[in-house]
Amino acid sequence: MKPPRMKPPRITRDTLKLRLLGSRSRHGVLPMIFVYAVLTAIGFVYLYPLLYMFVNSLKSPQDLLNPMVQWIPTQSYLGNYAKAFRVLAYPQTLLSTVLVSVAPSLLQVWVAALVGYGLARYRFWGKRLLFLLIFATFIIPPQNTVIPQMLTYRKFGLLGSLWSLLLPALLGQGFKSAIFILIFYQTFLSLPRALEEAARLDGASDLGIFVRVALPGAIPAFIVSIIFSVVWYWNETYLTVVFLEGGIQTLPMQLAKFTQAYENLYPPGMVNIFDRLNEAVKMSGTFLIILPLLVMYFVLQKWFVESIERSGLAGE
Amino acid sequence: MTGRRARRELSFRLREALYGYGFVALWIVGFALFTVAPLVETFLYSLNNVTVTATGIQMTFLAWNNYTRALLTDPTFVQLLIEYGVETLVSVPIVLIFALIIALFLNMDFRFRGLFRVIFFLPVVITSGPVIKELAAQGVTAAPQVANSPLIVNALAQVPPYLRNPIEYVLTSFILILWFSGVQILIYLSSLQKIDRSIYEAASVDGASGWETFWKITLPALSTTTLINAFYTIITLSHFSENKVIRYIYSQTYRVEGGIGYASAMSFLYFLVLILLLLGSFVLLRPRTKSEL
């Protein structure tokens, strides 16, 4: 009862050609090698600055001066990191950066969900105009609105405090809010209305329907939006410098004045030549700034990469 | 009878509209407070000489003087503005073409596709102004091996400056430009996946080559996406905090001879150029055939 043994397929010129070049239904070996080669090459160019940053951050002052040492440091020297860590006041700055990026994000995503739901589920006059205005908030450069806000905050003593970022986020004018509104609009459009209508017949209130029936369906959109919002707030320096300077310090803000901060800690005239500011220390500082984002990215990469495809960012 | 039903219908519509406004109310208030009001205020500043005092601000009316000053007597601003315009015009096609090529690759079915997707999206996560500035200062954002090669440098020396500057910009910021294509790659990718498979099958039955299908089916299907990506690219590049014009406006804000009024006028001129760029790309890229979304 043994099944008849499959004959190994004979390799003729034709099958070989098919294997190598591919057919309509499957890719051949040669085109695939080409694809891998091209993607790897582009990927290398793409990551080149990061590789350079990482390698150089591990170079000791001797390695930096040694022209023979290019890609492989003679030892993994962590002294640069120790210095950059001190200069950036890392633990404290990291904590405030997390606060500055997470708190406004939660608010702005929540408001974006409300607005997106209103746009997706209700008919009202002026909706087209509203879309236009939302798009306008995406276009208007920050420097066209920042100074009066800054002066107002100054008047109320809110400059340098987290409120200067929380208030706009609370009212739907956070950083890149328009994108999140569109994401939620698309998400709610794509969700079926049937459950919500059933809840309405059961006498649920509009807000109740939104919170209890519609929101659970939009959880992926929430996760995606919060992740992106956190990243964008984290990397934002124009608004944070104007609103927070003198108060809360974020990591990118600290990096922007790295030289100055370094020379405060290690005055150039007072320290020996190996403790002067060099590119290795700067690269360590830069790497420390992006390290938390890198970790977050690799942990959550599925959400980052697959989400946009599903979130409907592209559908507008 | 019909009158009453019509009234009920009306009140139903009214109710729906009211709740709709309720959901977007926060945004409308915020728009008035944090977008319209500051925008108008900034416009007023731009027509005045603004000095900040301990108690508030003092304004002396200058009419359009700040604008004429920026355009006619400030050589730096006009030059930076032109550079920004040219660099954006050069970068956008590079980003779009690169994003499309990578998206086409990633849309194929092969192993490690996810890994490559992760790589090409990585820069989105880490591009903050100061990080880019540090990397650019090390010269690592340039096209590796190409930007400094004597051949290129000599060849560039022969080219007139209005051509040389954009080329040099592309060479020295090559990776940086590519780094701005992460989101666009994903947007292209998702549009590619929405194209109906059966069209490709029909085309292949009719004997169309891959090359023909790309130009006749894929590209037309992506026309709206391309417009979205162009807008996204232009806006991201223009809002980027290391943008030279933004840096200049920012530095002028806190300077005595510049001041808030002058910086505001420049902000509006910059905004105008941005709108022109968006309009230009719209005219060029708007979908010719009506495609349904």
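As the structure is a computational prediction, the values presented were derived from the model and not from experiment.

**Quick word on the domain arrangement of chain A**
Residues and elements named next belong to chain A.
Moving on, step 1. Domain boundaries in chain A define domain 1 (13-82) and domain 2 (85-315).
Moving on, step 2. Between domain 1 and domain 2, the contact holds ten residues from the first and eleven residues from the second.
Moving on, step 3. Among the secondary structure elements, those contributing two or more residues to the side of domain 1 that touches domain 2 are α2 (29-57), α3 (61-65) and α4 (79-87).
Moving on, step 4. Looking at the side of domain 1 that touches domain 2, the element that brings in the most residues is α2, giving four residues.

**Overview of the domain arrangement of chain B**
Residue and element names in this part refer to chain B.
Moving on, step 1. For chain B, the assigned domains are domain 1 (2-46) and domain 2 (75-285).
Moving on, step 2. In this structure, domain 1 and domain 2 have C-alpha centres spaced 36 Å apart.
Moving on, step 3. If you look at the interface, domain 1 gives four residues, while domain 2 gives six residues.
Moving on, step 4. In terms of residue class, the side of domain 1 that touches domain 2 is made up of two nonpolar, two polar and no charged.

**Observations regarding the interface of chain A and chain B**
Moving on, step 1. Across the boundary between the two partners, chain A contributes 67 residues, which contact 73 residues of chain B.
Moving on, step 2. Breaking the side of chain A that touches chain B down by element, the ones donating at least two residues are α2, α5 (90-121), α6 (127-139), α7 (146-156), α12 (219-235), α14 (251-256), α16 (279-299) and α17 (301-311) of chain A.
Moving on, step 3. Per-element accounting of the side of chain A that touches chain B gives the leading share, eleven residues, to α2 of chain A.
Moving on, step 4. Among the residues forming the side of chain A that touches chain B, the class breakdown is 45 nonpolar, 15 polar and seven charged.

**Re the packing of helix α3 (residues 75-106) of chain B against helix α7 (residues 161-172) of chain B**
Residues and elements named next belong to chain B.
Moving on, step 1. The interhelical angle for the contact between α3 and α7, taken along N-to-C directions, is 50°, at an axis separation of 10 Å. Taken together, the axes of α3 and α7 are oblique relative to one another. The element α3 and its partner α7 pack so that their crossing is right-handed. In this structure, α3 uses V86, E87, V90 and I94 to contact α7, whose residues at the interface are P166, Y169 and V170.
Moving on, step 2. For the contact of α3 with α7, a count of residues per class yields six nonpolar, no polar and one charged.

**Considerations on unusual backbone geometry**
Residue and element names in this part refer to chain A.
Moving on, step 1. A positive phi angle is found at A89, which is not glycine, with a value near 50°.
Moving on, step 2. Within the secondary structure layout, A89 lies in the loop between α4 and α5.
Moving on, step 3. A positive phi angle, near 60°, is found at K176, a position not held by glycine.
Moving on, step 4. With respect to the element layout, K176 can be found in the loop between α8 (163-170) and α9 (177-190).

About the thresholds
Residues numbered from 1 in each chain as written. Chains lettered and ligands numbered in written order. Predicted model: local features only at pLDDT ≥ 70, side-chain atom pairs only at ≥ 80, totals over all residues. Domains from an automatic or database assignment. Contact = placed C-beta atoms within 7 Å. Helix = DSSP H or I, 4+ residues; strand = E, 2+ residues; numbered from the N terminus. Nonpolar A, V, L, I, M, F, W, Y, C, P; charged D, E, K, R; others polar. Axes fitted to C-alpha atoms, helices over the stretch in contact; angles between N-to-C directions. Parallel < 35°, antiparallel > 145°, perpendicular 65-115°, else oblique. Left-handed = near helix turned anticlockwise from the far one by under 90°.

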